[in-house]
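Here is how the chains run, residue by residue.
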Amino acid sequence: MNTAVAAHAVPTDTGAIAVRGVSKWFKSTDGSSLQVLADINLTIPARSIVAILGASGCGKSTLLNIISGLVTPEQGEVLINGTPSRQFNDWRSVSYMFQEDRLLPWRTALHNVEFALEAGSMLHSERQSRAREALRLVGLEAFADAFPYQLSGGMRSRVALARSLVLEPCILLMDEPFSRLDAMTRAQMHEELLRIQQLKHMTIVFVTHDVEEAVVLADTVVVMAPRPGRIRDQVPIALARPRDATEAATAQLAHQLKSLI
Ligand SMILES: Nc1ncnc2c1ncn2[C@@H]1O[C@H](COP(=O)(O)OP(=O)(O)O)[C@@H](O)[C@H]1O
Ligand SMILES: [Mg+2]
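Sequence order as written defines the numbering, with residues in each chain counted from 1. Throughout, the order in which chains and ligands are written sets their labels, letters from A for the former and numbers from 1 for the latter. Two thresholds apply to this predicted model, a pLDDT of at least 70 for residue-level local features and 80 or more for giving and counting side-chain atom pairs, whereas whole-chain, interface and lining totals are computed over all residues. Computation of side-chain values covers all heavy atoms of the structure but excludes hydrogens and water.

**Thoughts on the pattern of salt bridges**
Moving on, step 1. What makes a salt bridge here is a side-chain nitrogen of Lys or Arg within 4 Å of a carboxyl oxygen of Asp or Glu, nothing more. Considering all chains together, one arrives at 14 salt bridges under this definition.
Moving on, step 2. The partner of Asp101 in a salt bridge is Arg156, with the nearest N and O atoms 2.9 Å apart. Taken together, the residues Asp101 in the loop between β6 (94-97) and α3 (109-115) and Arg156 in helix α5 (residues 153-165) connect sequence positions 55 residues apart.
Moving on, step 3. Through salt bridges with shared partners, a single network forms among Arg158, Glu192 and Arg195. Numbering of helices and strands runs from the N terminus, with a helix taken as a DSSP run of H or I at least four residues long and a strand as a DSSP run of E at least two residues long.

**Here's the deal with the confidence of the model for the protein chain**
Moving on, step 1. Each residue carries a pLDDT score, the predictor's own confidence in it, on a scale running from 0 to 100. Averaged over all residues, the pLDDT of the protein chain is 92; the fraction at 70 or higher stands at 96%.
Moving on, step 2. Across the protein chain, strand β3 (residues 49-53) holds the top mean pLDDT of 98, while helix α1 (residues 3-9) sits lowest at 50.
Moving on, step 3. We call two residues in contact when some of their heavy atoms are within 4.5 Å. Low confidence marks residues 1-5, where pLDDT is under 50. Its contacts with residues over four positions away, or in another chain, come to 1 contact.

**What to know about unusual backbone geometry**
Moving on, step 1. Cis geometry marks the peptide bond from Arg227 to Pro228; its omega dihedral reads -15 degrees.
Moving on, step 2. Tracing the backbone shows Pro228 in the loop between β9 (220-225) and β10 (230-236).
Moving on, step 3. Looking along the chain, the bond that leaves Arg241 and enters Pro242 is cis, with omega of -5 degrees.
Moving on, step 4. Position of Pro242 relative to the elements: it lies in the loop between β10 and α8 (248-258).
Moving on, step 5. A positive phi angle, near 50 degrees, is found at Glu168, a position not held by glycine.
Moving on, step 6. Following the sequence through the fold, Glu168 ends up in the loop between α5 and β7 (171-175).
Moving on, step 7. Although it is not a glycine, Arg227 sits at a positive phi angle of roughly 50 degrees.
Moving on, step 8. Overall, Arg227 belongs to the exposed group, its relative accessible area being 71%. For each residue, the accessible area found with a 1.4 Å probe, counting protein chains only, is set against the maximum for its type, and the residue is called buried under 20%, exposed over 50%, and partly exposed in between.

**Points about the nonpolar core**
What tends to happen in soluble globular proteins is that the nonpolar side chains get buried as a cluster.
Moving on, step 1. Among buried residues, the Ala, Val, Leu, Ile, Met, Phe, Trp, Tyr and Cys ones that are joined through side-chain atoms within 4.5 Å form a nonpolar core. Formed by 48 residues in total, the largest nonpolar core has its most connected members in Leu161, Met174 and Val221.
Moving on, step 2. Ranked by residues supplied to this core, first place goes to α5 with 6 residues.
Moving on, step 3. If we skip the residues at most four places from it in the chain, Val221 touches Ala51, Leu53, Ala214, Asp233, Gln234, Val235, Ile237 and Leu257.
Moving on, step 4. In this structure, Leu63, Phe88, Val94 and Val222 belong to the second largest nonpolar core, which totals 26 residues.

Dropping the structure here:
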């Protein structure tokens, strides 16, 4: 791999995210206003991995939705590659992997991955070869023609990951993507994701309530506090990779983070 060429080809701020003074209110059922996020400030360098960690209901998904441009905050703004998200026009370089795999049951794995490319004007043959390549990246090339019901939970997650990767995103946003998997499959997915990040140099922002997952994957863990959602702490994780959740240093950091949530 020619990393020197790759480094020159990609401007250094491609994939950088900045959240500036973001606050968000939602209307409650009785018509009153509920503040969900209060003055969120985050600087996420390009090609880094950031975990957003916090208890259920503290606004993690809302923050990710705001970063993705799906939800607009009442105050503050998000910059992507230095451009305010209102003016940012390259959303195809931002992928969002939801908590559920959202696979279409009537489509094969290959056709589910291809789906992400159908909005563009790409030739069918080109779509197919890119979708196959994405399936190969997640180790599922042999299951291209399988339907979702024929796949295990881990394999379905891989298909969803392939669908997120097929547009070659600079930024990958993930909302508790592996929370429904058993511990062993989840650990495999962590390895896969880190391998792919090494290869593709994406910025990854993922939401989790799993402290071990945050410590094993992230360069920085952003710990949120609830009501209203705010940033309690940002903890850099300087441990060497690959990390093992059962190792003393990792476990100690996880313990420390648990005391913060
Ligand atoms: N569209 C919405 N309308 C009203 N309230 C919402 C909406 N989305 C989320 N909320 C509320 O905002 C708070 C934070 O939700 P969410 O961001 O989903 O938290 P988390 O992902 O950390 O569990 C919760 O109290 C939730 O009920
Ligand atoms: Mg959530």
